[in-house]
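# Notes for the structure review
What follows is the residue order along each chain.
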Amino acid sequence: MKKVLVIDDEKDILELISIILSDEGIDVYKAENGGLGYDTAREIKPDLILLDIMMPELDGWEVLKMLKIDDETKRIPVAMLTCKTETRDKVFGIQEGAIDYITKPFSPEDLVARVGAILTKANGRENR
Amino acid sequence: MKKEKDVANLRKEWLLFKGALFDHELGFPTIPIVVNDVRKSIGSFQKIGIVYVDVIESIEIIHGWQKFDQILLRLANILKGLRSDLMHSEDIIAIKASKVGGFIVFIFSKDTDEEVDKEFMKTIMDALQERIFSRTEDLRRKYLFPKTICHVGMDFLYFDPVVRFERNLYSAIDRAKNNAYSQTTSFWERRNQELKRIIINNDIRTVFQPILNLGNGDITGYEALTRVSSLEFFNDAETLFSFAVQTEMILELERICRKNAVKMVKYALKNKKLFLNVSAKGVMDPEFMDGKFMKGVEDTGHSVNDIVLEITERLAIKDIELFKSAVKKLESSGFSVAIDDVGAGYSTLHTIAELRPTYLKYDMALIRDINKHAIKRDLLESLVPFAKKINSTIIAEGIETKGEFEVLKEIGIEYGQGFFFAKPGPLLRDET
């Protein structure tokens, strides 16, 4: 079973993603803030992290940086959850090592398709 | 098992609906998704307080939506801070619609079980107004809306079994919004009250900055500067003075500043000069003419010869002849005159040529980095022979570095003041 970790301070979003992805047979782990998210990532080594950008205290960019310099977590693909549509954020994120963007609010179909695509791509890379 | 699945599905639908009606950027829900929570609370309180915060629309028209969004985000953060400090956990903050703005705060109770009342609402409004005012100074200045970037108003929603709850709620929100547009003037009015209070209670602080002879380092005099003691309505002295100009209270304000300064230097001046700031309008204050101020100076053991009136032109001088004759009268009664901020603002060469003041206080903006900017240096150098010709002494303001100080000495500037020598502070009795 694939493991996906969602890091977001909005509880509704955590619950919603959890319901949608569980339906697809994915194991969903939830973290309500950046620090907790980072610890959980190290502990469970998920196949994908969905990371919110705007969070109090540690924001998404800071968590992303922490994940990318840590040998334990640097190979885990990270997709950013964002409410901004500006391309500036996208360019910045790709430099920092994020591989995709999911814009809030999202449709369940879109979320499933994006997560599915990332997981298959990562899988292919592992098998090679 | 199937039932569980149905529940999860319903929950998913609801969360999707909520997600679409939530402004993720600002982090607040919109009205449709909080209606039920508000309805639940009105049952136990009968009355709900509503605060409405509306950003001035023309900011978006002039500066574009990106800048407008930036203001909304700032306000959202101020409101979040307010929630954690002043509001109860059951109170709700919402926005009119996603990406639209218009913040609405629902306040249910005063203390956990007491009904919210007008007084409590006023406390919240005051705190909010004050925080918005003090934390948006940069934005107000940048976007050319110096007084305010948003309107804040309030009203109550009363439980009424006859009217459908939703309609009752929306009309209360509309009332709070309408109230917001009459509140701006009232915030202005409250600042006005505060200024009057400051004047009546003499609630300012006076500090002194030494003016030095750049050649030998001797202190030749002190400039008295005013500091605001209550920061609630005025960020700094500059805001206080410009507000006093706008409300025609500058004469009264300057009177108490002068009085305070003279009182504080009592017996501590020791043959040094005291520089007092006066606006161009203040020059015509009758207290200079009828001898009241002079008597005040003499009562502290000084003579008017020790006093230098530093004239700041806050507005362009309309009637230069009238102004000139007022200044001449001051000089003939013994005061010396300095022109403040030479090179900046409204201090024109024209007034300098007309007045031929004893001192020219050269503006700090032109002193800044004078050791690095050849043009700034040339500019000051060109003023030196002119000052000599009209018998004025140049005082350089705002010297902050050794480099600036050295260039000024090279040019032959006689006097100066600034952080490099001393910050404005209390005048010590035994200071020499």
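Reference entry: report on the structure contained in this document. (Residues numbered from 1 in each chain as written. Chains lettered and ligands numbered in written order. Predicted model: local features only at pLDDT ≥ 70, side-chain atom pairs only at ≥ 80, totals over all residues. Heavy atoms only, no water.)

The subject of this paragraph is the interface of chain B and chain A. Taken together, the 12 residues of chain B in the interface contact 15 residues of chain A. When chain B packs against chain A, the two sides together hide about 1,400 Å² of surface, and 65% of this comes from carbon and sulfur. Here chain B and chain A share 2 salt bridges between them. Here chain B is connected to chain A by 3 residue pairs in polar contact (both at pLDDT 80 or more). (Contact = heavy atoms within 4.5 Å. Buried area = accessible area lost by both parts, 1.4 Å probe. Salt bridge = Lys/Arg side-chain N within 4 Å of Asp/Glu carboxyl O. Polar contact = N/O pair within 3.5 Å; in protein donor to acceptor, adjacent residues only side chain to side chain.)

Here the distance between the centres and the angle between the planes together describe a pair of aromatic rings. Residue and element names in this part refer to chain B. For the coordinates displayed, the defined rule picks out 11 aromatic pairs over all chains. Ring centres 5.4 Å apart and planes at 80 degrees place the aromatic pair Phe288 and Phe293 in the edge-to-face group. Summarising the burial analysis for this pair, Phe288 and Phe293 share the class buried. An angle of 25 degrees between the planes, with centres 6.0 Å apart, marks the rings of Phe293 and Phe335 as stacked. In this pair, Phe293 is assigned in helix H11 (residues 292–299) and Phe335 in the loop between helix H12 (320–332) and strand E11 (336–342), connecting sequence segments 42 residues apart. Owing to a relative accessible area of 6%, Phe293 belongs among the buried residues under this scheme. Of the aromatic side chains, those joined through ring pairs into one cluster are Phe288, Phe293 and Phe335. When the ring centre of Phe28 is taken as reference, the NZ or CZ atom of Lys80 above it lies at 5.4 Å. One residue, Lys423, lies across the ring of Phe419, its end atom 5.4 Å from the ring centre. (Phe/Tyr/Trp six-rings, centres within 6.5 Å; stacked < 30°, edge-to-face > 60°. Buried < 20%, exposed > 50% of the residue type's maximum accessible area, 1.4 Å probe, protein only. Helix = DSSP H or I, 4+ residues; strand = E, 2+ residues; numbered from the N terminus. Lys NZ or Arg CZ within 6 Å of the ring centre and 35° of its normal.)

All names here are of chain B. Strand order in the open sheet formed by 4 strands is E4-E5-E3-E6, and the pairing between neighbours is antiparallel. Unpaired on one side and paired on the other, strand E4 (92–97) and strand E6 (150–158) mark the two borders of the sheet. Across the sheet, the axes of successive neighbouring strands diverge by a mean angle of 25 degrees, strand direction being ignored. Relative to strand E5 (residues 101–107), strand E3 (residues 47–55) runs antiparallel, the two being bridged by 5 bridges. Bridge pairing in E5 links Val53 to Phe103. Packing of helix H2 (residues 31–45) onto the sheet brings it into contact with E3, E4, E5 and E6, and relative to E4 it is tilted by some 140 degrees. (Pairing = 2+ DSSP bridges. Axes fitted to C-alpha atoms, helices over the stretch in contact; angles between N-to-C directions.)

Residue and element names in this part refer to chain B. Burial of the side chains of strand E12 (residues 359–362) extends over both faces: Tyr359 and Lys361 are buried on one face and Leu360 and Tyr362 on the other. Alignment of E11 against E12, held across 3 bridges, turns out to be parallel. Looking at E12, one finds that Ile339 is bridged to Leu360. Relative to strand E13 (residues 393–396), E12 runs parallel, the two sharing 4 bridges. The residue of E13 that forms the bridge with Tyr362 is Ala396.

All names here are of chain B. Leu274, Leu276, Phe335, Leu380, Leu408 and Ile413 are the most contacted members of the largest nonpolar core, which totals 52 residues. Looking at this core element by element, the count peaks at 5 residues for H12. Excluding residues that lie within four positions of it along the chain, Ile413 makes contacts with Leu214, Leu380, Val384, Ile394, Ala396 and Leu408. Grouped together as the second largest cluster of nonpolar side chains are 37 residues, Leu26, Phe68, Ala127 and Tyr143 included. (Core = buried A, V, L, I, M, F, W, Y, C linked by side-chain atoms within 4.5 Å.)

So far we have only geometry, and geometry alone does not tell us how the molecule works.
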